[in-house]
Amino acid sequence: MTTTYPLRTIAAHELDAWARMITTTYGQDWHEGGLRNAASSIEPERTLAAYDDEEIVGGASIYGRVMTIPGSAAPVAGITLVAVLPTHRRRGILTAMMRRQLTDLHESGGEPIAALNAAEATIYGRFGYGIASHVAEIRGDKKVMALRPGTDLGDGTIRLLGRRQARPLLEKVYDTARRAAVGWVDRTEKFWQARLADGERARDGGTELRFAFHTESGGEVTGYALYRSKPRLVQVVEVAATTRQAYAALWRYLIDLDAHAELTYDGAVDEPLKHLLADPRAARTTVIDNLWVRLVDIDRALVARRYATSLDLVLEVQDTFCPWNAGRYHLRADGQSVTCERTQARPDLRLTSAELGAAYLGGTTLTSLAASGRVEELRSGAVTAASLAFRGEREPFHPSGWAFPAF
């Protein structure tokens, strides 16, 4: 039976009860260290709770971020910490929270795009989210990993720094690299704190984080690798580089670390690493979904990005969850000029908001969605033209679920 459970944003004094509900749902223990971290990162005014009398039984939060999208950057609502207590499942609470978040964003003129990392892949499609990027879980056999002969490593050097020295350099390199990497988001102080959290629970049996930097002969820092050691394993947490030579040199350093038999890293589907290796099979990959994207306001979202080719297309969009989006849109793109307007013209493609979300970052193609029956072509050639225009130069990639951080 479905019962109404009031939704409202939490007050500051309710943070503890709200967070205990989240951790209970995810099978974790609440702890005071986590509470201090949450208090500094959660935005109560953007954090919903569902109530059963006075008890908090569900919740969801938003972090405002800026994401790199094809040809531009745009504000994005990072949806995170979504949970409903096991005692209150299948009562419509999750649906109500998802609808409230999206409605509030629409009515306030907030971020035109929402994005999340899904704990389960079967949940968010019904709310209009589509799989917009994938992650390659890389596991390398260091006994046979070696760079191809003649790989250009430049003339820079690798050095290890302590956390305090590393922090400003991390920020500088990351901020430069993210501007050219679709799916990467900005990191303010609180997000760097979450990214670099290094307590015992974060280490999971490994060492503290190591900070390796690539420095050019002139002194400029052009890349870094965050990693930790586990028994016979190098766990590479993040690699960012602003030159191809820095990228290659950092990977040679990681591959050459002694006393480790294996290496793991979560990277992009088209991660250049595999092309650097003399034996590409030395690094095995498993590909899974990474970032799910939902277009809150279709017209605002579509004009925010740029397109690979000129485009003149009428889209008929079905959106039962956010009915304000339903209808036809005339999308025109020519270089840096993009317009998207409501129209009554005959449509060229018919699809739902979930398919547009999936294609938005330039990874998932409209042709593959059409081949699975999820996009209907109403004018011959429209799918191919639209798919080429939406495609990006590289596969989009969201560096880590921590970028919309838990605590």
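Refer to the structure above for everything that follows.
It should be emphasised that the depicted structure is a prediction, and the values quoted were computed from it without experimental measurement.

Chemist: Break down the pattern of salt bridges for me, with residues and values.
Modeler: It is possible for side chains bearing opposite charge to pair when their charged atoms get close. A full pass over the atoms with the stated rule returns 32 salt bridges. Arg-350 is the partner of Glu-376 in a salt bridge, and the nearest nitrogen-oxygen pair spans 2.8 Å. With a gap of 26 residues between them, Glu-376 in strand 19 (residues 376–377) and Arg-350 in strand 18 (residues 349–352) connect regions that are remote in the sequence. In this structure Arg-350 comes out as partly exposed when scored by relative accessible area, which is 24%. Arg-374 is paired through a salt bridge with Glu-355; the nearest N and O atoms lie 2.7 Å apart. Of the two residues, Arg-374 sits in the loop between helix 11 (366–371) and strand 19 while Glu-355 sits in helix 10 (residues 353–359), which places them 19 residues apart along the sequence. What makes Arg-374 partly exposed here is its relative accessible area of 40%.

Chemist: How would you sum up the packing of aromatic side chains? Please name residues and give values.
Modeler: The final tally for this structure, using the stated rule, is eleven aromatic pairs. Measuring from ring centre to ring centre gives 5.2 Å for Tyr-307 and Phe-390, while their planes differ by 80°; the resulting arrangement is edge-to-face. Placement of the pair is Tyr-307 in the loop between helix 9 (298–304) and strand 15 (311–318) and Phe-390 in helix 12 (residues 382–390), with a sequence separation of 83 residues. Neither residue differs from the other here; Tyr-307 and Phe-390 are each classed as buried. Among the aromatic residues, ring-to-ring pairing joins Tyr-124, Phe-127, Tyr-129 and Phe-321 into one connected group. Against the face of Tyr-174 rests Arg-187, its NZ or CZ located 4.0 Å from the ring centre.

Chemist: Can you explain helix 12? Please cite residues and give values.
Modeler: Ala-382, Val-383, Ala-386, Ser-387, Ala-389 and Phe-390 are the residues of helix 12 that are buried. Considered in projection along helix 12, the buried side chains sweep an arc of 165° and stay on one side of the axis.

Chemist: Give a description of the side chain of Arg-305 that names residues and reports values.
Modeler: Note that Arg-305 resides in the loop between helix 9 and strand 15. The charged side chain of Arg-305 is buried without a salt bridge, its nearest counter-charge being Glu-393 at 10 Å. Here Tyr-360 takes part through its backbone oxygen, which lies 2.7 Å from a polar atom of the side chain of Arg-305. Look past the residues within four positions of Arg-305 in its chain and what remains in contact with it is Ile-69, Pro-70, Val-338, Ala-359, Tyr-360, Leu-361, Gly-362, Ala-389, Phe-390 and Arg-391.

Chemist: Give a detailed account of unusual backbone geometry, specifying residues and quantitative values.
Modeler: Of note in the backbone geometry, Asp-204 takes a positive phi value of approximately 50° without being a glycine. With respect to the element layout, Asp-204 can be found in the loop between helix 6 (200–203) and strand 9 (210–215). Relative accessible area serves as the criterion here: at 57%, Asp-204 is assigned to the exposed category. Positive phi, normally seen in glycine, also occurs at Ala-259, with a value near 65°. Owing to a relative accessible area of 66%, Ala-259 belongs among the exposed residues under this scheme.

Chemist: Tell me about the environment of Asp-258, and please be specific about residues and values.
Modeler: Relative to the helices and strands, Asp-258 resides in the loop between helix 7 (244–255) and strand 12 (262–267). As for Asp-258 and Thr-176, which are separated by 82 residues in sequence, their C-alpha atoms are 31 Å apart.

Chemist: So what's going on with the sheet that holds strand 19? Residues and values would help.
Modeler: Reading across the sheet, the five strands line up as 17-16-15-18-19 and stay open at both edges, with mixed pairing between neighbours. Two strands in the sheet have a free side with no partner beyond their single neighbour: strand 17 (337–342) and strand 19. Across four bridges, the pairing between strand 15 and strand 18 is parallel. Looking at strand 18, one finds that Leu-315 is bridged to Leu-349. Sheet strands touched by helix 12: strand 15, strand 16 (327–334), strand 18 and strand 19. Its angle to strand 15, the strand with the most contacts, is close to 100°.

Chemist: Account for the sheet that holds strand 12, with residues named and values stated.
Modeler: Across the sheet, seven strands lie side by side as 8-9-10-11-12-7-13; this open sheet has mixed pairing. Pairing within the sheet leaves two strands with one partner each, and these edge strands are strand 8 (157–161) and strand 13 (283–289). Taking each pair of neighbouring strands and ignoring which way they run, the sheet shows an average axis angle of 25°. Along the sheet, helix 4 (residues 163–178) makes contact with strand 8, strand 9, strand 10 (221–230) and strand 11 (233–241), crossing strand 10 at roughly 120°. Contacting strand 8, strand 9, strand 10, strand 11 and strand 12, helix 7 runs over the sheet at an angle of about 170° to strand 11.

Parameters at a glance
- Residues numbered from 1 in each chain as written.
- Predicted model: local features only at pLDDT ≥ 70, side-chain atom pairs only at ≥ 80, totals over all residues.
- Heavy atoms only, no water.
- Salt bridge = Lys/Arg side-chain N within 4 Å of Asp/Glu carboxyl O.
- Helix = DSSP H or I, 4+ residues; strand = E, 2+ residues; numbered from the N terminus.
- Buried < 20%, exposed > 50% of the residue type's maximum accessible area, 1.4 Å probe, protein only.
- Phe/Tyr/Trp six-rings, centres within 6.5 Å; stacked < 30°, edge-to-face > 60°.
- Lys NZ or Arg CZ within 6 Å of the ring centre and 35° of its normal.
- Arc of directions from axis to C-beta.
- Lys, Arg positive; Asp, Glu negative; His and termini not counted.
- Polar contact = N/O pair within 3.5 Å; in protein donor to acceptor, adjacent residues only side chain to side chain.
- Contact = heavy atoms within 4.5 Å.
- Pairing = 2+ DSSP bridges.
- Axes fitted to C-alpha atoms, helices over the stretch in contact; angles between N-to-C directions.

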